[in-house]
Amino acid sequence: MNKVFTLNKSFLIILASLMMFGCGKINLFEKQAKIPAQNWYYENVPQFTFQIKDTTALYNIYVVIRHTDLYKYNNIWLNIGSQAPGDSMHFQKLNLRLAHDKSGWEGSAMDDIIEVRKNISPGPVSFKKPGEYTFSVAQVMRENPLKYVLNVGFRIEKMEP
């Protein structure tokens with residue numbers, strides 16, 4: 001009798017993350033927050049804090065969203081907060097496309113899990129002050145909870161000169 005080795009979804013998610021990000025260099029920051037039970041409530045507003053030392057460099061800012069193929073929309077509305085050192089939080093609503101009717105999901109897929117990385121900076125940006133920066137992200141869709149979202153996070157990449 002042959003024994004069959006089965007992989008659980010958690011292992012597949014970790015493996016997919018290593019495959020997608022293991023080869024690339026994270027120049028500054030990447031972190032994701034798990035969405036409990038794949039139900040993203042309005043009240044669940046993950047925050048991410050990172051340090052900026054080089055104010056002369058240019059950066060790209062990405063929102064990273066991981067969802068299943070059961071997610072029923074081709075977009076997601078987010079309320080993104082950003083706070084510079086010594087400043088108050090500023091918010092901006094963004095509508096991010098996650099799929100196209102003809103070509104399907106954007107991003108990378110493994111099994112039924114899709115990961116999308118969207119550049120939300122209007123071009124390379126510079127951080128004006130050194131210190132601690134905080135970003136937050138809330139879903140502002142009409143559905144509460146928003147089902148089948150697994151993780152949400154940020155990636156900050158320092159551009160090479």
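Here the structure is a predicted model, which is why all the values come from computation and not from measurement.

Colleague: So, the sheet that holds strand 4 (residues 59-68): which residues are in play, and what are the values?
Modeller: The pairing of strands in a sheet happens through backbone hydrogen bonds and is either parallel or antiparallel. Taken together, the five strands give an open sheet; going across it, the order is 1-13-4-10-9, and neighbouring strands pair in antiparallel fashion. On the outer flanks of this sheet lie strand 1 (29-34) and strand 9 (108-110), each paired with one strand and no other. If you compare each strand with its neighbour and ignore which way they point, the axes differ by 15 degrees on average. Of the strand pairs in this sheet, strand 1 and strand 13 (residues 149-158) are connected by six bridges, and their pairing is antiparallel. When the bridges of strand 13 are listed, Glu 30 appears paired with Arg 155.

Colleague: Now, about the sheet that holds strand 3 (residues 47-52): what can you tell me, with residues and values included?
Modeller: Read from one edge of the open sheet, four strands run 3-11-5-6, paired in antiparallel fashion. Of all the strands in the sheet, just strand 3 and strand 6 (90-97) have a single pairing partner and so form its edges. Taken pair by pair, the neighbouring strands of this sheet meet at an average axis angle of 25 degrees, ignoring direction. As paired elements, strand 5 (residues 75-83) and strand 11 (residues 131-139) share six bridges and run antiparallel to each other. Across the sheet, residue Gln 83 finds its bridge partner in strand 11, namely Thr 134.

Colleague: Describe the packing of aromatic side chains, naming the residues involved and giving the relevant values.
Modeller: Any pair of aromatic rings gets described here by the distance separating the centres and the angle formed by the planes. For the structure on display, the rule yields ten aromatic pairs. Consider the rings of Tyr 71 and Tyr 73, whose centres lie 5.7 Å apart with planes at 75 degrees: the pair is edge-to-face. Judged by relative accessible area, Tyr 71 falls into the buried class, the value being 3%. Here the aromatic residues Phe 29, Phe 48, Phe 50, Tyr 59, Phe 127, Tyr 133, Phe 135 and Phe 154 are joined through ring pairs into a cluster of three or more.

Colleague: Describe unusual backbone geometry, listing the residues and the values that go with them.
Modeller: The linkage connecting Asn 144 with the following residue, Pro 145, adopts the cis geometry, with an omega of 5 degrees. Considering the arrangement of structural elements, one finds Pro 145 in the loop between strand 11 and strand 12 (146-147). For Ala 37, which is not glycine, the phi dihedral falls at a positive 55 degrees. Looking at where Ala 37 falls in the secondary structure, it is placed in the loop between strand 1 and strand 2 (39-40). Relative accessible area serves as the criterion here: at 63%, Ala 37 is assigned to the exposed category. Phi angles above zero are rare outside glycine, and Asp 111 is one such case at about 60 degrees.

Parameters and conventions
- Residues numbered from 1 in each chain as written.
- Predicted model: local features only at pLDDT ≥ 70, side-chain atom pairs only at ≥ 80, totals over all residues.
- Heavy atoms only, no water.
- Pairing = 2+ DSSP bridges.
- Helix = DSSP H or I, 4+ residues; strand = E, 2+ residues; numbered from the N terminus.
- Axes fitted to C-alpha atoms, helices over the stretch in contact; angles between N-to-C directions.
- Phe/Tyr/Trp six-rings, centres within 6.5 Å; stacked < 30°, edge-to-face > 60°.
- Buried < 20%, exposed > 50% of the residue type's maximum accessible area, 1.4 Å probe, protein only.

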